[in-house]
Amino acid sequence: MPAQDQPASGVQAQEPTEEFNARLGAIFDKWERNELPAKEALAQIEAMSREAQSDGHAANQGRAELLLGVLQGYRANLDASIRHFERARALFEQAGNRARAVGCILNLGESYRLQGNFTRARQLFRAASDAAREIDDPSTEAIALCNEGQMLLSMDQPESALTSLQKAAVVSARIKEEDDRQELRCEIDYGLAMAQLRLRDLTGAWASALASREMALKYADQPLLTGVASRGIGEVLTALGSLPEGSDPALSADPDIWFHASTEAFQSIKADGEAARTMYAHALSLSVRGKGMQAARKLQQAMIIFTRLGMSDDAAKAAQAQMKVLSSTRETPPPASN
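A quick note: this is a predicted structure, and the numbers were derived from the prediction, not measured.

A. Region of interest: the overall build of the protein. Looking only at helices and strands, one finds 15 helices and zero strands in the protein. Over its C-alpha atoms the protein spans a radius of gyration of 20 Å, differing by no more than 12% from the 20 Å that the globule rule assigns to 338 residues. Here the C-alpha coordinates of the protein stretch approximately 65 × 40 × 35 Å along the principal axes. The proportion of buried residues among the 338 residues of the protein is 56%. Summing over all exposed atoms, the protein offers an accessible surface of approximately 14,800 Å²; the carbon and sulfur share of this is 48%. Each charge sign in the protein was given a centre, from 37 positive and 45 negative side chains, and these centres are 5 Å apart.

What follows is the structure in structure tokens.
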């Protein structure tokens, strides 16, 4: 999860001006609520970055570059995302604002994680977490721990991932802003559900997936949260095979419904990387449920998208999963559409 904002930790640190920050936040919020196309949001924030540069205000420009990096990261334009975060870090260091510079380090780690460079990502997550603890910034520390947990899941280390995510949950309780705290808990609970699922704690996984969905429902105007939580429900339902006894009867027991909801949410804001991850998870679910040919087609499509986006680890996993599915079905799927 990208860190969109961090408070300053010292009175001498230059901060973005209130007016400039409000204008940036309004643009980002419109994109997040699917009220502004990503292309237009990027153009508007790029114009504000140039404005801040012209004014010679390093913190304002750093804030704009940070949000450009976040937007590009969600769109899985990872090289661009890294460039923006590096610029933002340099600008915040120039402004003497250590807290915001630490947030940029965290975001760089997330971009490298998405690229599959786990060694570099882990170094950056640890650096961000340690620095955030020093300056008493629980938001950045919790996000760093959450992101490290997600990375450990990608590395097939569910026990370590669970530990990191549990630490993130504890630290997140110290976040003062209720919205920031609860939005982060949506992603932490999703991560916990995935770790518990890998460890075959299906009861715990279902409880965590429901907790993630509860937070997403509270912030129903944010497709990112809807996408994450819906994918989690679909993945856990696949393992369970049916709704657990005592579940809300209004909940659909069909994993496909949840994966479709996740895909629609991510696609509505052009979060291509997350949409591809949902496609991959959906394909694995179809395979488990004996729908090998559908699974193979989705895996092929996911592999193409991951490759195009530079998400090398995800692309490799999709290719391996497709080979496994094809070996079990002994058929070749038709070419995937781009």
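B. Representation of unusual backbone geometry within the structure. One non-glycine residue, Asn34, lies in the positive phi region at around 65°. Within the element layout of this structure, Asn34 appears in the loop between helix 1 (18-32) and helix 2 (38-55). In this structure Asn34 comes out as partly exposed when scored by relative accessible area, which is 40%. Of note in the backbone geometry, Asp156 takes a positive phi value of approximately 60° without being a glycine. In this fold, Asp156 is placed in the loop between helix 7 (138-154) and helix 8 (158-172). Among the residues examined, Asp156 registers a relative accessible area of 58% and is labelled exposed.

C. Highlighting helix 12 (residues 255-268). Over its 14 residues, helix 12 runs 20 Å from end to end, which matches the ideal 20 Å to within 8%, given 1.5 Å per residue. What helix 12 keeps buried is the set Pro255, Asp256, Trp258, Phe259, Ser262, Thr263, Ala265 and Phe266. Residues of helix 12 that are buried sit in contact with helix 10 (202-218), helix 11 (223-240) and helix 13 (272-288). Measuring from the side-chain oxygen of the N-cap residue of helix 12 to the backbone nitrogen of Asp256 gives 3.0 Å; that N-cap residue is Asp254.

Calculation criteria
- Residues numbered from 1 in each chain as written.
- Predicted model: local features only at pLDDT ≥ 70, side-chain atom pairs only at ≥ 80, totals over all residues.
- Heavy atoms only, no water.
- Helix = DSSP H or I, 4+ residues; strand = E, 2+ residues; numbered from the N terminus.
- Rg over C-alpha atoms; globule rule 2.2 N^0.38 Å.
- Buried < 20%, exposed > 50% of the residue type's maximum accessible area, 1.4 Å probe, protein only.
- Areas by Shrake-Rupley, 256 points an atom, 1.4 Å probe, with all protein chains shown as cover.
- Lys, Arg positive; Asp, Glu negative; His and termini not counted.
- Charge placed at Lys NZ, Arg CZ, Asp CG, Glu CD.
- Expected span 1.5 Å × (residues − 1).
- Contact = heavy atoms within 4.5 Å.
- Polar contact = N/O pair within 3.5 Å; in protein donor to acceptor, adjacent residues only side chain to side chain.

Treat this as a map of the structure, not an account of what it does.
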